[in-house]
Amino acid sequence: MTPNHPCSKMKQGLWITWLSFRLEFLLFWPNLHLESTVVITSSQEERAQGPILPEIAAILPEAFAARVKRPGVVNAWAYPDFHKAVLATGRKNLIMAGVTTDICLLFPAIDAAKEGFGVQAVMDASGSPSVLSEEFSRQRMHDAGVVLTATNTLMAEIAQDWSTPTGQQLITLLFTDVFPAIGVSIA
């Protein structure tokens, strides 16, 4: 999705905040040396949904090259190639985000949880075109057993200990990029 994409206009300020933070976090991700795998999927890149951000391709070139291009299937989890790609990681705990909460994130998160995966949905990395749609989507995911989280909470969970090298890098990113990007200052 690009900043000119229709979904980005629904929350222009949120989009810019999300973009600036997410790119910082993604730039940092390879330095975490976590045993993690990123699976990227897109739907109809050549149509209204648009291509994956080129910044993501630059930051995660291998995951981008291996991305699963869906021909229009709304629920990524229902698309066999994506489902197989996630299963191939061998992971049972997933961190998921999508361009839109009420479509891109909702359906695959619920289906993955129903299939027995531990799913954390990063709520501030997605958005819906209306407050009502966002509220209903969150409630549906929560009711299905999806853990709703935020980027800063996820960072703390990954760090576990701010005094470690990874923890120090994450807390620095949190205070220099995340909080200022969303207009929060910690006194």
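This report concerns the structure included in the present document. (Residues numbered from 1 in each chain as written. Predicted model: local features only at pLDDT ≥ 70, side-chain atom pairs only at ≥ 80, totals over all residues. Heavy atoms only, no water.)

## Some words on the nonpolar core
Then, in step 1: Within the largest apolar cluster, 20 residues are counted, with the highest numbers of intra-cluster contacts made by L94, V119 and M141.
Then, in step 2: Elements represented by at least two residues in this core include exactly α5 (80-88), β3 (93-96), α6 (101-114) and β4 (118-122).
Then, in step 3: Grouped together as the second largest cluster of nonpolar side chains are 9 residues, A125, L154, A159 and L174 included. (Core = buried A, V, L, I, M, F, W, Y, C linked by side-chain atoms within 4.5 Å. Buried < 20%, exposed > 50% of the residue type's maximum accessible area, 1.4 Å probe, protein only. Helix = DSSP H or I, 4+ residues; strand = E, 2+ residues; numbered from the N terminus.)

## A closer look at helix α8 (residues 151-159)
Then, in step 1: Those residues of α8 that fall on the buried side of the exposure criterion are T151, L154, M155, I158 and A159. Along the long axis of α8, the arc covered by the buried residues comes to 135 degrees, so they all point the same way.
Then, in step 2: Of the residues trailing α8, Q160 is marked for its positive phi of about 65 degrees. (Arc of directions from axis to C-beta.)

## Section: unusual backbone geometry
Leave glycine aside and you will find that most residues have negative phi; peptide bonds, for their part, are mostly trans.
Then, in step 1: Within the chain, Q160 stands out as a residue other than glycine whose phi angle is a positive 65 degrees.
Then, in step 2: With respect to the helices, strands and loops of the structure, Q160 is situated in the loop between α8 and α9 (165-181).
Then, in step 3: Classification of Q160 by relative accessible area gives exposed; the value is 65%.

## Some words on the sheet that holds β3
To summarise the sheet geometry, strands pair through backbone hydrogen bonds and adopt either a parallel or an antiparallel arrangement.
Then, in step 1: Strand order in the open sheet made by the 3 strands is β3-β4-β5, with parallel pairing throughout. The two strands at the open ends of the sheet, each matched to only one other strand, are β3 and β5 (147-149). Going across the sheet, the axis of each strand differs from the next one's by a mean of 25 degrees, ignoring polarity.
Then, in step 2: Across 3 bridges, β4 lies against β5 in parallel orientation. (Pairing = 2+ DSSP bridges. Axes fitted to C-alpha atoms, helices over the stretch in contact; angles between N-to-C directions.)

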